[in-house]
Amino acid sequence: MDINYLAMVDFNHVTSIVNAICGVDVTIPKATSSFGHTFRAGVNHLTGLTAIYYAREPSLDDQNRMLRQANFVRAVLVKIADDHLVTNPVTMVRVLNSITSALTLDSNMSNSDVESLAKNFGHLGGSAGTFVVTPTHMVNGLQVLATPEASQLWTAIEQDSIAAFAQQHPEALTPTSVP
C-alpha cells in the first residue's frame, strides 16, 4: 500500500486550533489531574491550555496518551464539521491558519491541499468519519502492530472501507471516553 501524504500534528500548537474553534469537548471516565488542572468525570470543555494538559497528562502510559490524543483530534474534527467552521469565510481563515500552523506536511502535500481537504470536509457532519486506532499488542514490554488486524486495516484504507473494518473490529474504534 502506498502512503501518498503524511501530516503530523505538533501538539505544541494545538492551543491555537482549540482557541480558533472556541474550545472542544471531551469525555473522561473518571476525575483526573494534569499539570495542576483537574478534569472532572464526564464532559470537559477544553480551552487552548487545558487541551495541552489533557493531551499530555504525565500519569498516562503511552497507549492511553495515544488514545487521548487520537480522541482529542477526533473532537476537534467533529467540532469543525458539526459547527461548519470551514464553510463560513470568516471562520474558515481563522481555523485553517491555526491548523496549518500545527501541521508538518510531507513534500507531496501543500497548504492548498490541506485547504482543499478542509473545504471538502466542511460539507460533512462529524458523524461522517470513522476513527480507528491501529491494532497493537504488547511483545516484551513493547507495543507492536497486531499484524493480521493491521493488514486488514491497511486493506480497508486502500479500499475506502474503514467503516466496514470497524464493524468487524470494534476494538479498533477510538473510544469516545478515554482515561
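Given the structure is predicted, the values throughout are model-derived calculations rather than measurements.

> How should I be thinking about the packing of aromatic side chains in this particular structure?
Both the distance between ring centres and the angle between the ring planes are used here to describe each pair of aromatic rings. Summed over the entire model, instances satisfying the criterion amount to two aromatic pairs. With a centroid separation of 5.7 Å and 35° between ring planes, the pair formed by Phe35 and Tyr53 is classed as tilted. One end of the pair, Phe35, is in the loop between strand S3 (32-34) and strand S4 (37-39); the other, Tyr53, is in helix H2 (residues 48-55), and 18 residues separate them in sequence. The interplanar angle of 75° and the centroid separation of 6.2 Å between the aromatic rings of Phe39 and Tyr54 together place this pair among those described as edge-to-face. With a gap of 15 residues between them, Phe39 in strand S4 and Tyr54 in helix H2 connect regions that are remote in the sequence.

> Explanation requested: helix H6 (residues 147-158) in the structure shown.
The α-helix winds at 3.6 residues per turn, so residues separated by three or four positions along the chain end up facing the same way. Helix length check: H6 (12 residues) gives 16 Å between terminal C-alpha atoms against 16 Å at 1.5 Å per residue, within 8%. Burial in H6 covers these residues: Ala150, Leu153 and Ala156. One side of H6 holds all its buried residues, which, seen down the axis, span an arc of 115°. Across from the buried face of H6, at angles greater than 90 degrees, the exposed residues are Thr147, Pro148 and Glu158.

> In this structure, what is going on with the pattern of salt bridges? I would like to understand it.
One side chain can pair with another of opposite charge once the charged atoms of both are near each other. Evaluated as defined, the whole model comprises three salt bridges. The residue Glu57 makes a salt bridge to Arg68 at a minimum N-O spacing of 2.7 Å. Here Arg68 lies in helix H3 (residues 62-82) and Glu57 lies in the loop between H2 and H3, a separation of 11 residues in the sequence. Here Glu57 and Arg68 have matching classes, each one buried.

> Please explain a nonpolar patch on the surface as it appears in this structure.
On the surface, a nonpolar cluster with roughly 230 Å² of combined accessible area is contributed by Val139, Leu142 and Val144. Summarising the element assignment, Leu142 is placed in strand S8 (residues 142-145).

> Whenever I open this one, the layout of surface pockets confuses me. Can you help?
Any empty space left between atoms is shown by rolling a water-sized probe over those atoms. Approximately 190 Å³ is the volume found for the second largest pocket. Together, Gly23, Val24, Asp25, Val26, Thr27, His45, Asn71, Arg74, Ala75, Val78, Lys79 and Thr176 line the second largest pocket. Elements with a contribution of two residues or more to the lining of the second largest pocket: strand S2 (24-28) and H3. Looking at the lining of the second largest pocket element by element, the count peaks at five residues for H3. Across the lining of the second largest pocket, the residue classes break down as four nonpolar, five polar and three charged.

> Honestly, the nonpolar core in this entry has me stumped. Any pointers?
Within soluble globular proteins, side chains that are nonpolar tend to cluster in buried spots. Val24, Leu46, Tyr54, Phe72 and Ile80 are the most contacted members of the largest nonpolar core, which totals 29 residues. Where this core is concerned, the elements lending two or more residues are helix H1 (14-20), S2, H2, H3 and helix H4 (89-102). Not counting residues up to four positions away in its chain, the partners in contact with Phe72 are Phe11, Val14, Val18, Val24, Leu46, Ala51 and Tyr54.

> Can you help me understand unusual backbone geometry in this one?
With glycine set apart, most residues show a phi of negative sign, and most peptide bonds adopt trans. Of note, Cys22 is a non-glycine position whose phi angle comes to about 60°, a positive value. Mapped onto the elements of the fold, Cys22 is located in the loop between H1 and S2. Judged by relative accessible area, which is 57%, Cys22 ranks as exposed. Within the chain, Asp160 stands out as a residue other than glycine whose phi angle is a positive 55°. The topology assignment puts Asp160 in the loop between H6 and helix H7 (162-168). For Asp160, a relative accessible area of 71% gives the class exposed.

Thresholds applied
Residues numbered from 1 in each chain as written. Predicted model: local features only at pLDDT ≥ 70, side-chain atom pairs only at ≥ 80, totals over all residues. Heavy atoms only, no water. Phe/Tyr/Trp six-rings, centres within 6.5 Å; stacked < 30°, edge-to-face > 60°. Helix = DSSP H or I, 4+ residues; strand = E, 2+ residues; numbered from the N terminus. Expected span 1.5 Å × (residues − 1). Buried < 20%, exposed > 50% of the residue type's maximum accessible area, 1.4 Å probe, protein only. Arc of directions from axis to C-beta. Salt bridge = Lys/Arg side-chain N within 4 Å of Asp/Glu carboxyl O. Patch = residues over 30% accessible without salt bridge, like charges linked within 9 Å, V, L, I, M, F, W, Y side chains within 5 Å. Areas by Shrake-Rupley, 256 points an atom, 1.4 Å probe, with all protein chains shown as cover. 1 Å grid on protein atoms, 1.4 Å probe; cavity = no way out; pocket = protein on both sides within 12 Å on 5 of 7 lines; lining within 4 Å. Points joined across faces, edges and corners; volume = space filled by probe spheres on them. Nonpolar A, V, L, I, M, F, W, Y, C, P; charged D, E, K, R; others polar. Core = buried A, V, L, I, M, F, W, Y, C linked by side-chain atoms within 4.5 Å. Contact = heavy atoms within 4.5 Å.

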